[in-house]
Amino acid sequence: MSDSEFFAEHGYLIKERLFSDADLDRIQVALDELTDLATRAPEDSDRFKFSIFGHGGDRRQVQQVADPHEFGGAFIALGRDPRILDLVEELLGPNVLLYYSMLMMKPPAGGAASPWHQDLAFYTHDRARLLNVQVYLDAATRENGCVRVVPGSHREGLRNHYDGELHTGVVQGDTRDFDAREVLVEVPAGSIAVWHSLTLHSSHPNNSDRPRRAIAFGYKDPSTALLSGSFNASETRQVGMIVRGVDPRGQLLSAL
Ligand SMILES: O=C(O)CCC(=O)C(=O)O
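Presented here is a report on the structure given in the accompanying data block. In this text, all values refer to a predicted model and were calculated from it rather than measured experimentally. (Residues numbered from 1 in each chain as written. Predicted model: local features only at pLDDT ≥ 70, side-chain atom pairs only at ≥ 80, totals over all residues. Heavy atoms only, no water.)

By the definition in use, this model includes seven aromatic pairs. Summarising the aromatic geometry, the rings of F6 and Y12 are spaced 5.5 Å apart at their centres and angled 80° between planes, so their arrangement reads as edge-to-face. In this structure F6 comes out as partly exposed when scored by relative accessible area, which is 25%. Look at F48 and F71: their rings are 6.4 Å apart centre to centre, the planes differ by 40°, and that puts the pair in the tilted class. Taken as a pair, F48 in strand β2 (residues 48-49) and F71 in the loop between β3 (64-66) and α3 (73-79) lie far apart in primary sequence, 23 residues in all. Look at F48 and you get buried, because its relative accessible area is 9%. A relative accessible area of 36% places F71 in the partly exposed class. Joined through ring pairs, the aromatic side chains of Y99, Y100 and Y123 make up one cluster. (Phe/Tyr/Trp six-rings, centres within 6.5 Å; stacked < 30°, edge-to-face > 60°. Buried < 20%, exposed > 50% of the residue type's maximum accessible area, 1.4 Å probe, protein only. Helix = DSSP H or I, 4+ residues; strand = E, 2+ residues; numbered from the N terminus.)

Put into structure tokens, the structure is as follows:
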């Protein structure tokens, strides 16, 4: 089965050790610079979050950074890396827009779980031609809070993430069926996981003594259009940038 056939069937894809230890060392240098910069941030913002995974917000250790690719260097190089983009092109087509990125550093000893959700619920588009690529800087295991996906759920439509008028970012109702169908993304450092914007996913808490750090990149086919405002400012704060091909419908012009 080819990568695109597997992705079409299951809504996710795992590539183990796509990046070498030398690649990870380069990212680590950039990460050290960025986390150092974050300590100067006066408080939680759309850019830097210190308590999103729990632990009461230790200001010396940023837990989430929005759009690290905007800082350039190793982060934008990673978002444009041909090893990722060749795969994304195979799944999305010749035109690819880097839509957002997110650095997630789930701390050890109780880093919080993420509840079941679908990424498309955060930025509704006219078609679900968006996907997420998560690059693992550490080995991910159940113990340190790996991601879980529900295979095939991208073919079951968008679930309700609303409680009345409130967009919760969490699938409402009984989710025990998702727990029963979960596939754990347990991978060595340097691996990637790709999931479709409609694939149900969540993550376990980090009950280990090791962090679980990852950088996510959101990519989309630029001919798919945002239908309404985002519920998560950091994910559509910028209109993104073309990293393969062209912007055939002028989305970048109209989005401004
Ligand atoms: O990395 C995690 O623990 C959760 C990631 C996630 O749910 C997302 O990026 O949408």
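From this point, things continue past the structure.
Our next topic: helix α4 (residues 82-92). Listing the buried residues of α4 in full gives I84, L85, L87, V88, L91 and L92. All buried residues of α4 lie within an arc of 165° about the axis, which places them on one face of the element. A distance of 2.8 Å separates the backbone nitrogen of R83 from a side-chain oxygen at the start of α4, and that oxygen is part of D81. Remark: G93 follows α4 within two positions and exhibits a positive phi of approximately 110°. (Arc of directions from axis to C-beta. Polar contact = N/O pair within 3.5 Å; in protein donor to acceptor, adjacent residues only side chain to side chain.)

A separate point is the site of the ligand. Taken together, M104, K106, S114, H117, D119, Q134, V147, W195, H201, S203 and R212 make up all the residues around the ligand. Here the ligand loses 91% of its free accessible area of 290 Å² to cover by the protein chains. Residue classes in the shell around the ligand are distributed as three nonpolar, five polar and three charged. (Near = heavy atom within 4 Å. Areas by Shrake-Rupley, 256 points an atom, 1.4 Å probe, with all protein chains shown as cover. Nonpolar A, V, L, I, M, F, W, Y, C, P; charged D, E, K, R; others polar.)

This paragraph deals with the pattern of salt bridges. What the rule picks out here adds up to 17 salt bridges. Residues D81 and R83 are paired through a salt bridge, measuring 3.0 Å at the closest nitrogen-oxygen approach. D81 gets classed as buried once you look at its relative accessible area, which sits at 12%. The exposure class assigned to R83 is partly exposed, which follows from its relative accessible area of 36%. Ionic pairing is found between R244 and D86, a salt bridge with its closest N-O pair at 2.9 Å. Of the two residues, R244 is situated in strand β14 (residues 241-244) and D86 in helix α4; the sequence distance between them amounts to 158 residues. For R244, a relative accessible area of 19% gives the class buried. (Salt bridge = Lys/Arg side-chain N within 4 Å of Asp/Glu carboxyl O.)

Backbone hydrogen bonds are what pair the strands of a sheet, in a parallel or an antiparallel way. Taken together, the four strands give an open sheet; going across it, the order is β5-β12-β7-β10, and neighbouring strands pair in antiparallel fashion. In the strand order of this sheet, the two ends are held by β5 (114-117) and β10 (183-184), each with one partner. Note that β5 and strand β12 (residues 201-203) share two bridges and pair antiparallel. Directly across from S114, in β12, lies its bridge partner S203. (Pairing = 2+ DSSP bridges.)

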